[in-house]
Amino acid sequence: MSLEELFIKLLSFRSITPDDDGAYDFIKSYMQGWEFIDINIEDTKNLVIYKRFGDGEHLSFAGHIDVVPKGDGWESDPFKPLKKDGYIYARGTQDMKSGVCAFLSACKSVESFNGVISILLTSDEEGDGTYGTIKILEHLKSIDFLPDCVVVAEPTCEDKFGDSIKIGRRGSINGVLEIYGLQGHAAYPEKSINTIHLLAPLLDKLAAHKFDKGDEFFSPSTLVITDLRSGLEVTNVSPGYLKMMFNVRNSTKTKKEDIEKYIQDIMGELKYNLSLKQGSFPFITNKDSKLVKNMTKAVEQTLGIEPKHSTAGGTSDARYMGSFGIDVVEFGVRNDTIHAPNERVEFSEVEGLEKVFKKLIQLYKEN
Ligand SMILES: [Zn+2]
């Protein structure tokens, strides 16, 4: 089966979260001769594929087989891959059946290795992921089979294929700030405590506040106000309640407690309530680690491009590896049409990605 045939086959499964639509049965037959562990919980299906070549390191590739729904605006059937001008159009071409295709093919071709090679697949990454990658890692930990390092093949490149490896991700903290005053007639401002007037002088200290200066890898952790409401949509009542929602994409330098303390200091004596929820934690893999070094070398030697080490963008399942203390990087094709109608990938990128993964495996074998 050629790489293109494999890719077309994977794209043809209508694997909308959390349904694999038979993709795993196909993958198991494709990876004949490897061992499989099924971890199915509720409606989520997870599959671990592995082969023990020796007693050395455990290198793993991870990805999701699920895709987001097609949505409006498609000019072709998103589950009937269309080839045009060097591109393939289908849902999941970039996010991320390209990555799954590349590592399945690269792993299948391995004849010798010094340790274990494994593949971690989930059918729920695009959903809330409750029973996805986190459950795979919990299970692997329970049987003492956690990988030493993981490559997540999410689409990471921006302008040019090869330009970006993700070596960490910012975390995400959601906040709701409520301020309490006293509602009253607009004609008698002295008799009410107007919550908009209470917030007004503080707004400048909150909007776009930077909790840290950032560093080589992370941009500053900034408070972004996402919603602000108060009042009754009339002109004759002073509001007695205000609600502000915000988000902080935090680096490893800023914690939930830092945000709590900052807002406490600003609010002073005001009557308020603050709730903060950490959606995901930030993580970073050391740039001098074997994984980051080998991944960088693999890209340079295969594609002739020096990739930058980035932590930009939203969250991905790589955060779970980070929280288990596993070295993790993300590398995949360009990401300019992910989740969009007419999602497409340049097929040469999928071919390049397979070569990069083969090179990475070879580099691991050499040292
Ligand atoms: Zn993805």
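Data block above holds the structure.
Participant: Now, about the coordination of the zinc ion: what can you tell me, with residues and values included?
Facilitator: Taken together, the protein ligands of the zinc ion are His64 (NE2), Asp95 (OD), Glu154 (OE) and Glu154 (OE), with distances of 1.9 to 2.6 Å. Around the zinc ion, the 4 donor atoms are arranged such that angles at the metal cover 53 to 145°; this shape is classified as irregular.

Participant: Report on the sheet that holds strand 12 (residues 223-230), specifying residues and quantitative values.
Facilitator: Strand order in this open sheet of 4 strands is 12-14-10-15, and the pairing throughout is antiparallel. Where the open sheet ends on each side, the last strands, each with one partner, are strand 12 and strand 15 (272-280). The average angle at which neighbouring strand axes cross in this sheet is 15°, direction not considered. Inspection of the sheet shows strand 12 paired to strand 14 (residues 241-250) by 7 bridges, in the antiparallel sense. Its bridge partner lying in strand 14, valine 224 is registered against asparagine 247. Along the sheet, helix 6 (residues 256-267) makes contact with strand 10 (171-180), strand 12, strand 14 and strand 15, crossing strand 15 at roughly 160°.

Participant: Hey, could you go over helix 9 (residues 347-366) for me, with residue numbers and the actual values?
Facilitator: Over its 20 residues, helix 9 extends 29 Å from the first C-alpha to the last, a length consistent with the 28 Å expected when each residue adds 1.5 Å. Every buried residue of helix 9 is accounted for by Phe347, Glu349, Val350, Gly352, Leu353, Glu354, Val356, Phe357, Leu360, Ile361, Leu363 and Tyr364.

Participant: Quick one: what's the story with the side chain of threonine 285, residue by residue and with numbers?
Facilitator: Looking at the element boundaries, threonine 285 is found in the loop between strand 16 (283-284) and helix 7 (290-303). Every residue in contact with threonine 285, bar those within four places of it in the chain, is listed here: Ile167, Val292, Asp327 and Val328.

Reading the values: rules and limits
Residues numbered from 1 in each chain as written. Predicted model: local features only at pLDDT ≥ 70, side-chain atom pairs only at ≥ 80, totals over all residues. Heavy atoms only, no water. Donors = N, O, S within 2.8 Å, 3.2 Å for Na, K, Ca; no water. Tetrahedral: all angles 85-135°; square planar, octahedral: opposite > 155°, others 65-115°. Pairing = 2+ DSSP bridges. Helix = DSSP H or I, 4+ residues; strand = E, 2+ residues; numbered from the N terminus. Axes fitted to C-alpha atoms, helices over the stretch in contact; angles between N-to-C directions. Contact = heavy atoms within 4.5 Å. Expected span 1.5 Å × (residues − 1). Buried < 20%, exposed > 50% of the residue type's maximum accessible area, 1.4 Å probe, protein only.

Everything listed is a geometric property; what it means functionally is a separate question.
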